[in-house]
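As a plain string of letters, each chain reads:
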Amino acid sequence: LHVDGMNLTTARGTQMETTTDYHNIFKIVVKMCREMINLYARQYKVNVLIIPGNHDYSSSWHVGEVLRAIYEDCPSVIICNNPKPRKYFHYGNFLMQFTHGDKEKPIRKLFDIAVAENSPPHGNLWGESVYRESFIGHKHMEEVIEICGFKIRRCASLAPTDTYHDTYGYVG
């Protein structure tokens, strides 16, 4: 969403540039999510992990709750909207960690966190997987760091660069 409410500011109060008002942004995001979920849910089980960001902590949770309510009676769609900053998805022998990436510093700390959160007594997804990766955003650039076979993939922003991000070099 990029903003955290009708004042069009981040969760910490930084004013953001937008091309429309908050109500329209919220409706567009929910509609886009529904279109993608509906497209894939026709043939596959769909897991949606809501990852809060530093710009839209509350707003992203609200979108997740709307989606959870829409799909609560749809067994092929699972909306994971718990307030945890990191979410995990295990598929076959692949363990994926998703987080915004603004809280875990230095970024290499994600390796230790992934091991701790997926090893006994918290489960054993680490031991059940062969391939392990983390997907993060926050810095608006592409980067891959590897630690002991654990890949941390920083993903570029999908949003166009606004004046603030251009000024401070958060582009990509």
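In this numbering scheme, every chain counts its residues from 1 along its sequence in written order. Under the rules for a predicted model, residues below a pLDDT of 70 receive no local features and side-chain atom pairs below 80 are neither given nor counted, while totals for whole chains, interfaces and linings still include all residues. Remark: hydrogens and water are excluded; side-chain values derive from all non-hydrogen atoms of the structure.

**Thoughts on the sheet that holds strand 5 (residues 131–136)**
- If you trace the 5 strands from one edge of the open sheet to the other, you get 3-4-5-7-6, paired in mixed fashion. Since the sheet does not close on itself, it has two edges, and those belong to strand 3 (86–91) and strand 6 (143–147), each with one partner. The average undirected angle you get between the axes of adjacent strands in this sheet is 20°.
- Only strands joined by at least two bridges in the DSSP assignment are considered to pair. Numbering of helices and strands runs from the N terminus; a helix is a DSSP stretch of H or I covering at least four residues, while a strand is a stretch of E covering at least two. Of the strand pairs in this sheet, strand 6 and strand 7 (residues 150–154) are connected by 5 bridges, and their pairing is antiparallel. Bridge pairing in strand 7 places E143 opposite R154. Where helices are involved, their axes are fitted lines through C-alpha atoms of the stretch in contact, as for all axes, and angles between N-to-C directions lie from 0 to 180°.

**Considerations on the nonpolar core**
- By size, the foremost hydrophobic cluster in this structure holds 19 residues, and its most contacted members are I37, L67, V77 and I79.
- Contacts are assigned to residue pairs with any non-hydrogen atoms lying within 4.5 Å of each other. Here V77 is in contact with I37, A41, V46 and Y71, once residues within four sequence places are set aside.
- Only buried residues count toward a nonpolar core, which is a set of Ala, Val, Leu, Ile, Met, Phe, Trp, Tyr and Cys residues joined through side-chain atoms within 4.5 Å. Each residue is placed in one exposure class: buried if its accessible area under a 1.4 Å probe, protein chains only, is under 20% of its type's maximum, exposed if it is over 50%, and partly exposed if it falls in between. Counting 13 residues, the second-largest nonpolar core is a separate cluster that includes Y88, I107, I145 and I152.

**With respect to the pairing of strand 3**
- Pairing analysis gives 6 bridges linking strand 3 to strand 4 (residues 94–99), with the strands arranged antiparallel. Its bridge partner being in strand 4, K87 is matched across the sheet by F98.
- Taking the residues between adjacent antiparallel strands as the criterion, strand 3 and strand 4 are bridged by 2 residues, where G92 takes a positive phi near 60°.

**Some details on the packing of helix 1 (residues 22–41) against helix 2 (residues 57–70)**
- Two numbers describe how helix 1 lies on helix 2: the axes approach to 11 Å, and their chain directions differ by 45°. In terms of their interaxial angle, helix 1 and helix 2 are classed as oblique. The way helix 1 lies across helix 2 gives a crossing that is right-handed. Two secondary-structure elements touch here, helix 1 through Y22, F26, V29, V30, C33, R34 and I37 and helix 2 through S59, H62, V63, V66, L67 and I70.
- Charged residues are taken to be Asp, Glu, Lys and Arg, nonpolar residues to be Ala, Val, Leu, Ile, Met, Phe, Trp, Tyr, Cys and Pro, and polar residues to be all remaining types, Gly included. Of the residues assigned to the contact of helix 1 with helix 2, the class counts are 10 nonpolar, 2 polar and 1 charged. Note that the term roughly parallel is reserved for angles under 35 degrees, roughly antiparallel for angles over 145, roughly perpendicular for angles of 65 to 115, and oblique for everything else. Helix crossings get a hand from a simple test, with the near helix turned counterclockwise from the far one by less than a right angle marking a left-handed crossing and a clockwise turn marking a right-handed one.

Everything listed here is a matter of coordinates, which is why it stays silent on function.
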